[in-house]
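Results of the structural survey
The lines below spell out each chain.
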Amino acid sequence: EWTKGGYAFVAYRENEERTLRELLVVQKRYGLNIDWLDKARMLEAIPDLNPDGLIGGTFSPDDGHASPLLAGHAFYVQAKAAGAEFRFNENVIGLVLDGGRIRGVRTDKGEYAAPVVINAAGARAAEVAGFAGIDVQVRPDSHEGAVTEPVARFLEPMVVDIRPTEGSANYYFYQHATGQVIFCITPGPSLWGFDTRETSSFLPLVARRMVGIMPRLRNLRVRRTWRGLYPMTPDGAPLVGWAREVEGFLLAVGMCGQGFMIGPGLGEMLAKLVTGSLPEADAEVLKILSPYRKFEGMEKLK
């Protein structure tokens, strides 16, 4: 269900315009296909945007979205074909350690020996690292999302509004290949913890923001809501690399809600790390993502 509709970050205030223009310089430096669109061009790309107060925004036409369920199943099928084994419905209750080295994983159904163990436990990453006596700076942050009834196609790009308001830092929405509109909000302040129960405050809050930026959404009916956990780090970037405290323990944690996007590339890097074949260019990237870096600032679009 890959759909290349693009990503649009809209600016209705000078603060967001300045942030997006500053980021554009960096994005261009790395060769990304992204440009600043003034108000007229942004309305050409997304005719249903509210024009009142719209300054413009950045637009990346090659971006898009896919189904995490279908993509995850495809990875599963291909991994099985390559010889991988899966164990479902088992809770990790410990790590097998011997003299400062990892020896395996202990679950509520048995033990599995392994010379290398990768911690990719998402919101539970700190708990798993704790089994090895390692303090990993990952905290679960509750986010809510929703999906509407399907309607005729009217929206191609994902729309992201990074204006902070009371109760939320930003939000986004897009129209899925099925015609349904999917939307999510970043709570402000963050809601720390493992609570995944839906709230009564989410829909009124996000609906006001969405209808304000695209009035034609007002008559859409919401099918369901859900709540999940973002594994957040202090600076909004992942923690990837070998643990210094325990030999053979590899950390791939703190994806901060972007794991589906960066997962495939990260998987390649992890494979190269485990096999000792990591190119120097990838090693430079991993220096930035080091679990032992200083946490300074926060990623601008969080």
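Residues numbered from 1 in each chain as written. Predicted model: local features only at pLDDT ≥ 70, side-chain atom pairs only at ≥ 80, totals over all residues. Heavy atoms only, no water.

Turning our eyes to something else, we now look at the side chain of Asn119. Topologically, Asn119 is positioned in strand E7 (residues 117–119). Polar contacts involving the side chain of Asn119 include one to the main-chain amide nitrogen of Ala121, which spans 3.2 Å. Setting aside chain neighbours within four positions, we find Asn119 in contact with Ala125, Val128, Ala129, Phe249, Leu250, Leu251, Ala252 and Val253. (Helix = DSSP H or I, 4+ residues; strand = E, 2+ residues; numbered from the N terminus. Polar contact = N/O pair within 3.5 Å; in protein donor to acceptor, adjacent residues only side chain to side chain. Contact = heavy atoms within 4.5 Å.)

Attention shifts here to the nonpolar core. Leu49, Phe173, Ile213 and Met214 are the most contacted members of the largest nonpolar core, which totals 26 residues. Those elements that place two or more of their residues in this core are strand E1 (7–11), strand E10 (167–175), strand E11 (181–188) and helix H5 (202–213). At 5 residues, the largest contribution of residues to this core is made by H5. If near-sequence neighbours (up to four positions away) are discounted, Ile213 is found in contact with Val10, Tyr12, Asp48, Leu49, Asn50, Val159, Asp161, Arg163, Tyr171 and Phe173. (Core = buried A, V, L, I, M, F, W, Y, C linked by side-chain atoms within 4.5 Å. Buried < 20%, exposed > 50% of the residue type's maximum accessible area, 1.4 Å probe, protein only.)

Another aspect to go through is a nonpolar patch on the surface. A cluster of nonpolar side chains, namely Val25, Val26, Tyr30 and Leu32, defines an oily patch on the protein surface of about 420 Å² accessible area. One can find Val25 in helix H1 (residues 14–29). Given the relative accessible area of 52%, Val25 is considered exposed. (Patch = residues over 30% accessible without salt bridge, like charges linked within 9 Å, V, L, I, M, F, W, Y side chains within 5 Å. Areas by Shrake-Rupley, 256 points an atom, 1.4 Å probe, with all protein chains shown as cover. Salt bridge = Lys/Arg side-chain N within 4 Å of Asp/Glu carboxyl O.)

Tracing the chain through its elements places Glu144 in strand E8 (residues 139–148). Residues contacting Glu144, with those up to four places away along its chain left out, are Phe183, Cys184, Ile185, Glu198, Thr199, Phe202, Trp226 and Arg227.

These results come straight from atomic positions and should not be treated as a statement about function.
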